[in-house]
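Structural features, examined
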Amino acid sequence: MKQILADKMAKFTSYNTILNIICLIILAISVTVHGQHHQDTCPGFNSNHTVGRDYVVVSYTVWVGTDVTSEYSILVIIHQNSSLYRVMEFASVLDPLQYQFTANCTAYGHYITSIGGYAENLAAHESWLIYKTPTPPFVFNPPSKEELTPTGVDTTYVDNGEHYLFWLRNTDFLIPTTTDGQ
């Protein structure tokens with residue numbers, strides 16, 4: 001009797017796994033279609049960019065606070081060479097509580113002002129910074145300023161296995177210090 005029950009559970013687990021995979025594929029297709037028909041708030045960005053036909057997996061992590069008081073990560077499956085902005089849109093559909101974001105349109109593209117309900121505070125010099133790290137980011141070994149992306153969310157294009165960190169933190173460390181006391 002135990003063997004029959006074990007066999008039935010194994011079949012159920014296999015079917016459940018297959019159903020989960022099918023649901024993820026359907027979700028990926030529906031979100032991708034949603035992303036392609038998204039009414040962009042920043043015209044001119046991403047409009048002439050060609051994405052690949054292959055799908056890639058990208059790690060997207062959010063840290064809040066210079067001392068990191070909140071952190072969460074998600075893996076996003078998306079077309080190769082998609083913009084980081086599209087990764088953010090995809091993540092906000094998969095997990096709106098953690099990844100819903102707001103952005104302003106500027107001459108340079110989308111400027112991220114909040115993620116997951118955490119907003120920048122310009123008076124306190126706290127802004128969202130984007131890092132591309134060689135491995136998933138780890139709070140006890142934070143990335144250096146050399147790992148900041150040189151481009152914004154609209155012109156940073158993703159590839160398989162890449163790791164992106166959005167960190168809401170104090171930006172005073174980016175201001176060069178002078179040696180003459182000024």
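Everything that follows concerns the structure shown earlier in this document.
Residues numbered from 1 in each chain as written. Predicted model: local features only at pLDDT ≥ 70, side-chain atom pairs only at ≥ 80, totals over all residues. Heavy atoms only, no water.

**Thoughts on the overall build of the chain**
- The helix and strand tally for the chain stands at three helices and seven strands.
- Taken from N to C terminus, the helices and strands of the chain fall in the order α-β-β-α-α-β-β-β-β-β.
- Each of the 182 residues in the chain was classed as buried or not, and the buried ones make up 36%.
- The contacts in the chain between residues at least 6 apart in sequence include a share of 64% that link residues at least 24 apart.
- Accessible surface for the chain amounts to roughly 11,400 Å². Of this, 60% is attributable to carbon and sulfur atoms. (Helix = DSSP H or I, 4+ residues; strand = E, 2+ residues; numbered from the N terminus. Buried < 20%, exposed > 50% of the residue type's maximum accessible area, 1.4 Å probe, protein only. Contact = heavy atoms within 4.5 Å. Areas by Shrake-Rupley, 256 points an atom, 1.4 Å probe, with all protein chains shown as cover.)

**Some details on the sheet that holds strand β3 (residues 101–106)**
- Taken in spatial order, the three strands of this open sheet run β3-β4-β5, and their pairing is antiparallel. Whereas interior strands pair on both sides, the edge strands pair on one side only; in this sheet they are β3 and β5 (118–119).
- Strand direction decides the pairing type here: strand β4 (residues 109–115) and β5, joined by two bridges, are antiparallel. Pairing of S114 across the sheet is with A119, part of β5.
- The sheet contacts of helix α2 (residues 84–94) involve β3 and β4, and relative to β3 the element is tilted by about 150 degrees. (Pairing = 2+ DSSP bridges. Axes fitted to C-alpha atoms, helices over the stretch in contact; angles between N-to-C directions.)

**Let's talk about the side chain of H79**
- Relative to the helices and strands, H79 is located in strand β2 (residues 70–79).
- H79 sits in the buried class, given a relative accessible area of 13%.
- Here the side chain of H79 touches G52 through a polar contact of 3.1 Å, landing on its backbone oxygen. (Polar contact = N/O pair within 3.5 Å; in protein donor to acceptor, adjacent residues only side chain to side chain.)

**Quick word on the environment of A107**
- Here A107 is to be found in the loop between β3 and β4.
- According to the relative accessible area criterion, A107 is exposed, its value standing at 71%.
- Considering only alpha carbons, one finds A107 and C42, 65 residues apart in sequence, at a separation of 8.9 Å.

**Quick look at a nonpolar patch on the surface**
- On the surface, Y55, V57, L75 and I77 cluster together into a nonpolar patch covering about 370 Å² of accessible area.
- If you list the elements that add at least two residues to the nonpolar patch, you get β1 (55–64) and β2.
- Position of I77 among the secondary structure elements: in strand β2. (Patch = residues over 30% accessible without salt bridge, like charges linked within 9 Å, V, L, I, M, F, W, Y side chains within 5 Å. Salt bridge = Lys/Arg side-chain N within 4 Å of Asp/Glu carboxyl O.)

**Side note on the pairing of β3**
- Inspection of the sheet shows β3 paired to β4 by six bridges, in the antiparallel sense. Bridging from a neighbouring strand, T102 pairs with S114 of β4.

**Comments concerning the pattern of salt bridges**
- Counted by the stated rule, this structure contains two salt bridges.
- For E162, the salt bridge goes to K132, with nearest N and O atoms at 3.0 Å. Of this pair, E162 sits in the loop between β6 (126–133) and β7 (163–170) while K132 is found in strand β6, placing the two residues 30 residues apart along the sequence.

**Observations regarding the nonpolar core**
- If you look at the biggest cluster of nonpolar residues, it comprises 26 residues, and the most contacted ones within it are Y60, V62, I115 and F166.
- Element by element, the count of residues in this core is highest for α2, at six residues.
- W63, V68, Y131 and W167 belong to the second largest nonpolar core, which has six residues in total. (Core = buried A, V, L, I, M, F, W, Y, C linked by side-chain atoms within 4.5 Å.)

**Quick word on the packing of aromatic side chains**
- Overall, the coordinates contain seven aromatic pairs when judged by the stated rule.
- Taken together, a centroid distance of 5.8 Å and an interplanar angle of 45 degrees make the contact between Y131 and W167 tilted. Residue Y131 is found in strand β6, and its partner W167 is found in strand β7; the two are separated by 36 residues along the sequence. Accessibility classification places Y131 together with W167 in one group, the buried group.
- Over the aromatic face of W167 sits the side chain of R169, whose NZ or CZ is 4.3 Å from the ring centroid. (Phe/Tyr/Trp six-rings, centres within 6.5 Å; stacked < 30°, edge-to-face > 60°. Lys NZ or Arg CZ within 6 Å of the ring centre and 35° of its normal.)

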